[in-house]
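Below, each chain spelled out in residue letters.
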Amino acid sequence: MPPIMDLPKIKKTIRIFAVAQCALIALLVFMAVLFQQRLQLLGRGDQFMSGVVAAFVIQLLLFYPIFRFAGKEAERDFSLIGKTLNQEELKAFTKQKRWADVTKMAVFGFFFIFILALKPATPTLVLSVIYYSFVLTIVTYLQCYNFAARKRSKGVANP
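About the criteria used
Residues numbered from 1 in each chain as written. Predicted model: local features only at pLDDT ≥ 70, side-chain atom pairs only at ≥ 80, totals over all residues. Heavy atoms only, no water. Helix = DSSP H or I, 4+ residues; strand = E, 2+ residues; numbered from the N terminus. Rg over C-alpha atoms; globule rule 2.2 N^0.38 Å. Buried < 20%, exposed > 50% of the residue type's maximum accessible area, 1.4 Å probe, protein only. Contact = heavy atoms within 4.5 Å. Core = buried A, V, L, I, M, F, W, Y, C linked by side-chain atoms within 4.5 Å. Expected span 1.5 Å × (residues − 1). Bend = angle between axes of the 7 residues up to and from the residue. Phe/Tyr/Trp six-rings, centres within 6.5 Å; stacked < 30°, edge-to-face > 60°. Salt bridge = Lys/Arg side-chain N within 4 Å of Asp/Glu carboxyl O.

Would you mind going over the overall build of the protein in detail, with residue names and values included?
Counting its regular elements, the protein contains four helices and zero strands. Taken from N to C terminus, the helices and strands of the protein fall in the order α-α-α-α. Taken against the 2.2 N^0.38 rule, which gives 15 Å for 159 residues, the C-alpha radius of gyration of the protein at 19 Å runs more than 25% over that of a compact globule. By principal-axis analysis of the C-alpha atoms, the protein measures approximately 65 × 30 × 25 Å. Sorting the 159 residues of the protein into buried and exposed places 32% on the buried side. Contacts in the protein between residues at least 24 apart in sequence constitute 85% of all its contacts with a sequence separation of at least 6.

Right under this line is the structure:
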């Protein structure tokens, strides 16, 4: 059985995550401008910065768990470089990967459902905080994974 992971595959993942981060930052800026315009139209332009600060505080609270989660995923990926797994090891790896994917989808689903449920009746300030937190959570995860993977790849490339 060929190895599951190799360094070029992880480096490709890092590049894909970097492109996704750029796209998400552009989307975040675009939506921030739209929220700011909407708040000004409603006569609550001063609430824009309150939303940004609230989203920032939420990200500070979520940073450490996201950092740990992304670091564990990067470590798991690097632990498989050049290894061929037997059936039991492959099953354990698949289970770990599945739980990580379920966790990511649960976070995504939470934000998605929360935004959809509150969209029609929610003031724009609350919706903007939820949206900023959602995008920043994804960007933080991608950045933390890239950081951990780059840090780890230096150790693999230069033993």
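Picking up after the structure, the text goes on.
So what about the nonpolar core? Which residues, and what values?
Ranked by internal contacts, the top residues of the largest apolar core, which has 30 residues, are Ile10, Tyr131, Tyr132, Val135, Tyr141, Tyr145 and Ala149. Counting only elements with at least two residues in this core, the list comes to helix H1 (7–41), helix H2 (47–79), helix H3 (87–118) and helix H4 (124–157). In terms of residues, this core owes the most to one element, H4, which gives 13 residues. Setting aside anything within four residues of it in sequence, one finds Tyr131 in contact with Leu27, Met31, Phe35 and Ile115.

Quick rundown of H2? Include the residues and the values.
An ideal rise of 1.5 Å per residue puts 48 Å on 33 residues; H2 measures up with 47 Å between its terminal C-alpha atoms. At Leu62, H2 shows its strongest bend, of approximately 45°, with the proline Pro65 following within four residues.

Could you give an account of the packing of aromatic side chains, naming the residues involved and the relevant values?
Under the counting rule described, the total for this entry stands at 13 aromatic pairs. Measuring from centroid to centroid gives 6.0 Å for Phe35 and Tyr131, while their planes differ by 55°, and the two rings are tilted. You can see Phe35 sitting in helix H1 and its partner Tyr131 sitting in helix H4, a full 96 residues away along the chain. Note on Phe35: relative accessible area 9%, which makes it buried. Following the ring pairs from residue to residue traces out a cluster consisting of Phe108, Phe110, Phe111, Phe112, Phe114 and Phe134.

Describe the pattern of salt bridges, naming the residues involved and giving the relevant values.
Summed over all chains, the structure comprises five salt bridges. For the salt bridge of Arg76 with Glu73, the shortest nitrogen-to-oxygen distance reads 3.9 Å. A residue pair is termed a helical-turn pair when its members lie 3 or 4 positions apart in one helix, as Arg76 and Glu73 do in helix H2 at three residues. In this pair, the class of Arg76 matches that of Glu73, namely buried. Among the salt bridges present, the one from Lys104 reaches Asp101, with a minimum N-O distance of 3.5 Å.

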